[in-house]
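# Report on the structure
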Amino acid sequence: MAAIALLVPATLPFALSLTHEGTERRQSSRPARTSLLRLPLVAMFLAMAAMGAIFGATQTAVTAYANDSGHPGSAGLLYALFGIGSAVAGAACAWLPARFTLRHRYVTFAATLLLGALTLVVGDRLHAVPTAMTIAGVTVALYLISLYALTERLAPADRATVALTILCAGGPLGTATGQVVAGYLADRHGSTGAFLVAPVAATAALLLAVAVFVTGTGALRPAVRVAVGSGTPESGGMGRAKGRTGDGDER
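### Some thoughts on helix H7 (residues 197–215)
Under the 1.5 Å per step criterion, the end-to-end length of H7 is 27 Å for 19 residues, consistent within 8% with the ideal 27 Å. Where H7 is concerned, the buried positions are Val197, Ala198, Pro199, Ala201, Ala202, Ala205, Leu206, Leu208, Ala209 and Val212.

Pasting the structure below:
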């Protein structure tokens, strides 16, 4: 109830202001919709699904760990450390240099995500799960932010919301899958078995990132050109596309 009391007054004015602005734009101009590049969006969907699997597996593993340690009520506090590390890293992303492009960030942070997932396994065996959760949370934020930023730049200006919706749909699917697998392993091997799901999912995320970087670079650029071609002065698309470079980054 306290969370609801904070969220409603904080988000309602923001949502209303955007709704009013969007209504004025729709009334003033209705540009033709442009198509989305399916293959890159599928890759982003799967990348988010892998992230969701890490979330689901970690939630289940932390619950099993807290139960095995005799303090089942501490599971929420342990998982909160995941969020603390994530929040700190998310704020730090604002200071990343522009020469560190989105495609390079995506691959780099996929690699650090795997390291964070491995930290969870090591932390479980060393009985240092609180520290491991904080470290892993840092790697999660970096990876997530790169996914959101890259997906937004893959889509034409008038389809960014659709692209981000497709991206976010992968999260719950991955979370449910991670919880099912981790729950099965937790019943048989305790928290150690459940924590192993996270590095497996992170490995899949890294392999996908490498594949996108190696084979998908050319596929990223046409989306930016479509955005340039579809933008009009009335819709604001041209102004948005002018600030982009060939690899989808803004300068």
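### Let's talk about the pattern of salt bridges
For the structure shown, the criterion picks out 1 salt bridge. Ionic pairing is found between Arg153 and Glu152, a salt bridge with its closest N-O pair at 3.2 Å. The exposure classification of Arg153 matches that of Glu152, with both residues buried.

### Focus on the packing of aromatic side chains
All chains considered together, the criterion is met by 4 aromatic pairs. Ring geometry for Phe55 against Phe82: centres 6.1 Å apart, planes inclined by 85°, an arrangement best described as edge-to-face. Separated by 27 residues along the polypeptide, Phe55 in helix H2 (residues 38–68) and Phe82 in helix H3 (residues 75–92) bring together distant segments of the chain. An angle of 75° between the planes, with centres 5.7 Å apart, marks the rings of Phe100 and Phe109 as edge-to-face. For Phe100, a relative accessible area of 22% translates into the label partly exposed. A network of ring pairs unites the aromatic residues Phe55, Tyr79 and Phe82 as a single cluster.

### Things to note about the nonpolar core
Soluble globular proteins: nonpolar side chains tend toward being buried together. Membership of the largest hydrophobic core comes to 56 residues, with the highest contact counts inside it found for Met44, Met51, Tyr106, Leu113, Tyr143, Leu147 and Phe195. For this core, the secondary structure elements donating two or more residues are H2, H3, helix H4 (102–125), helix H5 (129–154), helix H6 (160–195) and H7. In terms of residue count, the dominant contributor to this core is H2 (14 residues).

### Focus: the packing of H4 against H7
Helix-helix packing is described using two parameters, namely the angle between the two axes and the distance between the axes. At their nearest, the axes of H4 and H7 sit 8 Å apart, and the two run at 165° to each other. Looking at the two axes, H4 sits roughly antiparallel to H7. You can see that H4 and H7 cross each other, and the crossing is left-handed. Contact residues: H4 offers Arg103, His104, Tyr106, Val107, Ala110, Ala111, Leu113, Leu114, Ala117, Leu118, Leu120 and Val121, while H7 offers Ala198, Pro199, Ala202, Thr203, Ala205, Leu206, Leu208, Ala209, Val210, Val212 and Phe213. Considered class by class, the residues forming the contact of H4 with H7 number 20 nonpolar, 2 polar and 1 charged.

### Concerning the side chain of Thr101
Mapped onto the fold, Thr101 is located in the loop between H3 and H4. Among the polar contacts listed, one links the side chain of Thr101 to the side chain of His104, at a separation of 2.5 Å.

### As for the side chain of Thr58
Residue placement: Thr58 occurs in helix H2. You can call Thr58 buried: its relative accessible area is 0%. At 2.6 Å, the side chain of Thr58 forms a polar contact with the backbone oxygen of Ile54. In this view, Thr58 contacts Tyr79, Phe82, Leu120, Met133 and Ala198; residues no more than four positions away in its chain are not counted.

Conventions and cut-offs
Residues numbered from 1 in each chain as written. Predicted model: local features only at pLDDT ≥ 70, side-chain atom pairs only at ≥ 80, totals over all residues. Heavy atoms only, no water. Helix = DSSP H or I, 4+ residues; strand = E, 2+ residues; numbered from the N terminus. Expected span 1.5 Å × (residues − 1). Buried < 20%, exposed > 50% of the residue type's maximum accessible area, 1.4 Å probe, protein only. Salt bridge = Lys/Arg side-chain N within 4 Å of Asp/Glu carboxyl O. Phe/Tyr/Trp six-rings, centres within 6.5 Å; stacked < 30°, edge-to-face > 60°. Core = buried A, V, L, I, M, F, W, Y, C linked by side-chain atoms within 4.5 Å. Axes fitted to C-alpha atoms, helices over the stretch in contact; angles between N-to-C directions. Parallel < 35°, antiparallel > 145°, perpendicular 65-115°, else oblique. Left-handed = near helix turned anticlockwise from the far one by under 90°. Contact = heavy atoms within 4.5 Å. Nonpolar A, V, L, I, M, F, W, Y, C, P; charged D, E, K, R; others polar. Polar contact = N/O pair within 3.5 Å; in protein donor to acceptor, adjacent residues only side chain to side chain.

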